[in-house]
Amino acid sequence: MRIMVINGPNLNLLGEREPAVYGGETLQSLNMQLSEKAAGMGYDLEFFQSNSEGEIIDRLHEARLDCSGVILNAGAYTHYSYALRDAISAVRIPVVEVHISNVDSREDFRRNSVIAPVCLGSISGFGKYSYALALIALDYYFGEKK
Ligand code: DQA
């Protein structure tokens, strides 16, 4: 089974971007660790990062054709992109919303996610492990559906 992992704006700068909030590891390193974990669980991960809303939407559309689910850290688009929300509704494969930081413990604007209502669920605040927890959540979801 293939799962798409999409990271949105500014997440390409992980490791140098506000390390006290987002940790000191690069996105490449996080992706490698997640890929290993996924392989052990029998999943094949595909990774995509973009700073552009349209490119993320295009990738979500593509994922519906060849992926069973999506792990999505939409970065700041989480808080205001209705276009992204509509894309998630449109693709009809499970999408898990992920945040490295605890968005509820930060600025007010981060408390609102416009994508949360159309995602399978949301995971926030566990650092790099938020991605691994999203993978486990999808694994349970697929298990229930079998
Ligand atoms: C983030 C939280 C967002 O509020 C922020 O805009 C990000 C990263 C996180 O992973 O904690 O870019 O999605």
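It should be noted that the structure appears before, not after, this text.
The present account deals with the structure reproduced in this document. None of the values given here were measured: they were computed from a predicted structure. (Residues numbered from 1 in each chain as written. Predicted model: local features only at pLDDT ≥ 70, side-chain atom pairs only at ≥ 80, totals over all residues. Heavy atoms only, no water.)

Observations concerning the site of the ligand
Stage number 1. In the vicinity of the ligand, the contacting residues are Pro9, Arg17, Tyr22, Asn73, Gly75, Ala76, His79, His99, Ile100, Ser101, Val103 and Arg110.
Stage number 2. Arginine 110 places a side-chain nitrogen or oxygen 2.8 Å from an oxygen atom of the ligand.
Stage number 3. Relative to its free-state accessible area of 320 Å², the ligand is covered by the protein chains to the extent of 99%.
Stage number 4. Each residue belonging to the shell around the ligand can be placed in one class, and the counts come to five nonpolar, five polar and two charged. (Near = heavy atom within 4 Å. Polar contact = N/O pair within 3.5 Å; in protein donor to acceptor, adjacent residues only side chain to side chain. Areas by Shrake-Rupley, 256 points an atom, 1.4 Å probe, with all protein chains shown as cover. Nonpolar A, V, L, I, M, F, W, Y, C, P; charged D, E, K, R; others polar.)

Quick notes on helix 5 (residues 129-145)
Stage number 1. The terminal C-alpha atoms of helix 5, which comprises 17 residues, lie 24 Å apart, in line with the 24 Å expected from a rise of 1.5 Å per residue.
Stage number 2. Among the residues of helix 5, Ser130, Tyr131, Ala132, Ala134, Leu135, Leu138 and Phe142 are the ones counted as buried. (Helix = DSSP H or I, 4+ residues; strand = E, 2+ residues; numbered from the N terminus. Expected span 1.5 Å × (residues − 1). Buried < 20%, exposed > 50% of the residue type's maximum accessible area, 1.4 Å probe, protein only.)

Quick word on helix 3 (residues 53-66)
Stage number 1. With 14 residues, helix 3 ought to run about 20 Å at 1.5 Å a step, and its terminal C-alpha atoms sit 21 Å apart, in line with that.
Stage number 2. Here helix 3 has its buried residues at Ile56, Ile57, Arg59, Leu60 and Ala63. For helix 3, the angular spread of buried residues about the axis comes to 160 degrees, placing them on one side.
Stage number 3. Residues of helix 3 that are buried in the fold lie against strand 1 (2-7), strand 2 (44-49), strand 3 (69-73), helix 4 (82-91) and strand 4 (95-99). (Arc of directions from axis to C-beta. Contact = heavy atoms within 4.5 Å.)

Worth remembering: the numbers are spatial, not functional.
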